[in-house]
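Structural features, examined
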Amino acid sequence: MARGGTARGARDEEFLDFAATRSGHLYRSACLLTGGDTHLAEDLVQETLGRMYAVWRPGSSWRPGTRRIDNPAAYAQGVLYRTFLSHVRRRSSTERPTGEIPDLAGPDGDSTLRLTLLEALARMSPRDRAVLVLRYWEDVSVEETSELLRSSPGAVRTQTSRALARLRTLLGDALHDLALR
């Protein structure tokens, strides 16, 4: 019995280290995906970490199910994006207690630019947000993005192009004006 307790303790400790290291990065990505909804972002991160814990195995060769995962951080990002897309498919995901994005702490010089981009992202479809955040915030390749979102590389390229065009339309002259400040 003591052996099982020790192994579980090592598993828990290793997972806690992973969660502490990755949660900030997951939270920032979740905030972008949710268009600045910090509460939903926290929920998504918690759900992601819960799912990661359920499949966590000690050592570098942990396996969810029967598939070996070489990069737990990338796997966690994929879980986050799929959790987000799953959330927005639910009817209740459109319910919001407020229509305004809360002020976020950040450097004074770019706060208006950040809020403008967050508002524009919030007005885009969830799939468009996911593609743009993966490709341009996370700097993930087309191939990796296609794996994370479970679509073809060609579909990712097309969706990225269309999402950028929509974002430019939503921003209009606002981005140019903000960039000149």
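Residues numbered from 1 in each chain as written. Predicted model: local features only at pLDDT ≥ 70, side-chain atom pairs only at ≥ 80, totals over all residues. Heavy atoms only, no water.

Turning our eyes to something else, we now look at the pattern of salt bridges. Enumeration according to the criterion identifies three salt bridges in this entry. The partner of glutamate 47 in a salt bridge is arginine 51, and the shortest N-O contact between them spans 2.8 Å. Taken together, the residues glutamate 47 and arginine 51, both in helix H2 (residues 38–55) and four residues apart, mark about one turn of the helix. Relative accessible area serves as the criterion here: at 36%, glutamate 47 is assigned to the partly exposed category. On the accessibility criterion, arginine 51 (39% relative accessible area) is partly exposed. Note that glutamate 143 is salt-bridged to arginine 157, the shortest N-O span being 3.7 Å. With glutamate 143 in helix H6 (residues 142–149) and arginine 157 in helix H7 (residues 153–171), the pair connects residues that are 14 residues apart, well separated along the chain. (Salt bridge = Lys/Arg side-chain N within 4 Å of Asp/Glu carboxyl O. Helix = DSSP H or I, 4+ residues; strand = E, 2+ residues; numbered from the N terminus. Buried < 20%, exposed > 50% of the residue type's maximum accessible area, 1.4 Å probe, protein only.)

Once that is clear, we can look at the nonpolar core. The biggest cluster of nonpolar side chains holds 38 residues, and the ones touching the most others in it are Phe15, Leu33, Met52, Tyr81 and Leu149. Sorting the residues of this core by element identifies helix H1 (2–33), H2, helix H3 (72–89), helix H4 (111–122), helix H5 (126–137), H6 and H7 as the ones contributing at least two each. Top contributing element to this core by residue count: H1, with eight residues. (Core = buried A, V, L, I, M, F, W, Y, C linked by side-chain atoms within 4.5 Å.)

Here we come to the packing of aromatic side chains. Any pair of aromatic rings gets described here by the distance separating the centres and the angle formed by the planes. In the structure shown here, the tally under the stated rule is four aromatic pairs. Residues phenylalanine 15 and tyrosine 53 carry aromatic rings whose centres are separated by 5.1 Å and whose planes lie at 70° to one another, so their mutual orientation is edge-to-face. Here phenylalanine 15, found in helix H1, pairs with tyrosine 53, found in helix H2; they are 38 residues apart in sequence, far enough to count as distant. A relative accessible area of 7% places phenylalanine 15 in the buried class. Their ring planes at 75° and their centres at 5.5 Å tell us that phenylalanine 15 and tryptophan 56 sit as a pair that is edge-to-face. (Phe/Tyr/Trp six-rings, centres within 6.5 Å; stacked < 30°, edge-to-face > 60°.)

As a further point, take the side chain of aspartate 37. Note that aspartate 37 resides in the loop between H1 and H2. A distance of 3.2 Å separates a polar side-chain atom of aspartate 37 from the backbone nitrogen of histidine 39. (Polar contact = N/O pair within 3.5 Å; in protein donor to acceptor, adjacent residues only side chain to side chain.)

As a further point, take the environment of glutamate 14. Looking at where glutamate 14 falls in the secondary structure, it is placed in helix H1. For glutamate 14, a relative accessible area of 27% gives the class partly exposed. Separated by 42 residues in sequence, glutamate 14 and tryptophan 56 have C-alpha atoms that sit 9.1 Å apart.

Turning to H4, a few remarks are in order. A rise of 1.5 Å per residue sets the reference length of H4, with its twelve residues, at 16 Å; its end C-alpha atoms lie 16 Å apart and thus fit the reference within 8%. Among all positions in H4, only Thr116, Leu118, Ala120 and Leu121 are buried. (Expected span 1.5 Å × (residues − 1).)

What follows is about the confidence of the model for the protein. On average, the protein scores 80 in pLDDT, and the residues at 70 or more come to 73%. Predicted confidence for residues 60–64 stays below pLDDT 50, and this span has 17 contacts to residues more than four positions away or in other chains. (pLDDT = per-residue confidence, 0-100. Contact = heavy atoms within 4.5 Å.)

Checked against the element boundaries, arginine 57 lands in the loop between H2 and H3. Under the relative-accessibility criterion, arginine 57 is labelled partly exposed at 39%.

Let us now look at the environment of glycine 24. Among the secondary structure elements, glycine 24 is positioned in helix H1. According to the relative accessible area criterion, glycine 24 is partly exposed, its value standing at 29%.

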